[in-house]
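These are the residues of each chain, in order.
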Amino acid sequence: VLEPSVHIRAANLADLSRCFHISGVFETDHVWQVDQRVEEDVITVTLRLVRLPRPLKASYPPWGEGLLDQWERGDCVLVAEDEHEILGYTVMSLQPDRELGWVDHLVVAAPARRHGVGTTLLRAAHEWGVQRGVRRIMLAVQSKNHPAVCFCRKHGLAFCGFNERYFANLDIALFFGGFLR
């Protein structure tokens, strides 16, 4: 349950460095394994949830100066704040010709996870997009980020594709999209 003192607001320039320092490190004991078979007239892709022998600690893919660029461009950059502490942030860019909001980042500080901060950020970004003609959203998550996959599915976003080398660190991306519930 989201704490009553947490509120979502548009990020200002001073917030960006604070967002940059929020750790996206996560731990999981499951990963999604992608198997692809290509035959003459058939491509078969299977996603299989695999339990790891021990928990994996993984980091959020690095994104460099992208946050400042998106903020300067006027993309949706929102922060979740509790008193004067930034608990998380989300960034969404628009693809108006597709009525699509692309969630580029959704990061919540570890102590604030599983308290509704990510859900509230996602909904606020969606509302921001709806005011600008967005009907649906999409996002990419690492195949090893099982908590993020669960988050997407919980919010009614459907798996809609993958890319084997999407992130700068060459991690596999799983794409989720649709309409929020």
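These numbers were taken from a predicted model, which means no experiment stands behind them.

Quick word on the overall build of the protein chain
- When you go through the protein chain residue by residue, the secondary structure sums to four helices and nine strands.
- Its helices and strands taken in sequence order, the protein chain reads β-α-β-β-α-β-β-β-α-β-α-β-β from the N to the C terminus.
- For the protein chain, the C-alpha radius of gyration of 17 Å lies close to 16 Å, the compact-globule estimate for 181 residues.
- Here the C-alpha coordinates of the protein chain stretch approximately 55 × 40 × 30 Å along the principal axes.
- For the protein chain, the residues scored as buried account for 43% of the 181 residues in total.
- Taking the intrachain contacts of the protein chain between residues at least 6 apart in sequence as the baseline, contacts between residues at least 24 apart amount to 63%.
- Charged side chains in the protein chain number 20 positive and 22 negative. The centres of these two groups are separated by 6 Å.

What about the nonpolar core?
- Ranked by size, the top nonpolar core spans 28 residues in total, and within it Met92, Val117, Ile137, Val141, Leu174 and Phe176 carry the most contacts.
- Going through the elements one at a time, strand 2 (26–38), strand 4 (76–82), strand 5 (85–95), strand 6 (100–108), helix 3 (117–130), strand 7 (136–142), helix 4 (146–154) and strand 9 (173–178) are the ones with two or more residues in this core.
- Sort the elements by how many residues they give to this core and helix 3 lands first, with six residues.
- Sequence-distant contacts of Val141, defined by excluding residues within four places in its chain, comprise Ala148, Val149, Cys152, Phe167, Ile172, Ala173, Leu174 and Phe176.
- In this structure, Leu16, Cys19, Tyr89 and Val91 belong to the second largest nonpolar core, which totals 12 residues.

Quick notes on the environment of Glu81
- Within the element layout of this structure, Glu81 appears in strand 4.
- Separated by 91 residues in the primary sequence, Glu81 and Ile172 place their C-alpha atoms 31 Å from one another.
- Among all residues touching Glu81, those that are not within four sequence positions of it are Ser5, Val6, His7, Arg9, Arg18 and Ile86.
- A distance of 3.0 Å separates the side chain of Glu81 from the side chain of Arg9, its partner in a polar contact.

Some words on the pattern of salt bridges
- On inspection of all chains with the given rule, the structure shows nine salt bridges.
- Note that Asp35 and Arg48 form a salt bridge whose closest N and O atoms lie 2.8 Å from each other. On the criterion of sequence distance, the pair formed by Asp35 in strand 2 and Arg48 in strand 3 (residues 43–58) is long-range, its members being 13 residues apart.
- The partly exposed category is assigned to Asp35, whose relative accessible area is 26%.
- Among the ionic pairs, Glu39 bridges to Arg37, the shortest N-O distance being 2.6 Å.
- Residue classification places Glu39 among the partly exposed residues on the basis of a relative accessible area of 42%.
- Look at the salt bridges and you will find they share partners, linking Arg9, Asp15, Arg18 and Glu81 into a network.

Focus: helix 1 (residues 13–20)
- Within helix 1 the residues assigned to the buried category are Asp15, Leu16 and Cys19. The arc enclosing the buried residues of helix 1, seen along the axis, measures out at 110°, which places them on a common side. Opposite the buried face of helix 1, by more than 90 degrees, sit the exposed residues Leu13 and Ala14.
- In this fold, the buried residues of helix 1 make contact with strand 1 (6–10), helix 2 (66–73), strand 4 and strand 5.

Topic: the layout of surface pockets
- The calculated volume of the largest pocket comes to roughly 1100 Å³.
- Lining the largest pocket are 35 residues, and of these Leu106, Asn145, Pro147, Ala148 and Phe151 sit closest to its centre.
- Where the lining of the largest pocket is concerned, the elements lending two or more residues are strand 2, strand 6, helix 3, strand 7 and helix 4.
- Per-element tally for the lining of the largest pocket: the top contributor is strand 6, with seven residues.
- Split into classes, the residues belonging to the lining of the largest pocket amount to 22 nonpolar, eight polar and five charged.
- What the second largest pocket holds in volume is close to 170 Å³.
- Taken together, Ile8, Ala10, Ala11, Trp71, Asp75, Cys76, Val77, Leu78, Ala124, Glu127, Trp128 and Gln131 make up the full set of residues lining the second largest pocket.

Conventions and cut-offs
- Residues numbered from 1 in each chain as written.
- Predicted model: local features only at pLDDT ≥ 70, side-chain atom pairs only at ≥ 80, totals over all residues.
- Heavy atoms only, no water.
- Helix = DSSP H or I, 4+ residues; strand = E, 2+ residues; numbered from the N terminus.
- Rg over C-alpha atoms; globule rule 2.2 N^0.38 Å.
- Buried < 20%, exposed > 50% of the residue type's maximum accessible area, 1.4 Å probe, protein only.
- Contact = heavy atoms within 4.5 Å.
- Lys, Arg positive; Asp, Glu negative; His and termini not counted.
- Charge placed at Lys NZ, Arg CZ, Asp CG, Glu CD.
- Core = buried A, V, L, I, M, F, W, Y, C linked by side-chain atoms within 4.5 Å.
- Polar contact = N/O pair within 3.5 Å; in protein donor to acceptor, adjacent residues only side chain to side chain.
- Salt bridge = Lys/Arg side-chain N within 4 Å of Asp/Glu carboxyl O.
- Arc of directions from axis to C-beta.
- 1 Å grid on protein atoms, 1.4 Å probe; cavity = no way out; pocket = protein on both sides within 12 Å on 5 of 7 lines; lining within 4 Å.
- Points joined across faces, edges and corners; volume = space filled by probe spheres on them.
- Nonpolar A, V, L, I, M, F, W, Y, C, P; charged D, E, K, R; others polar.

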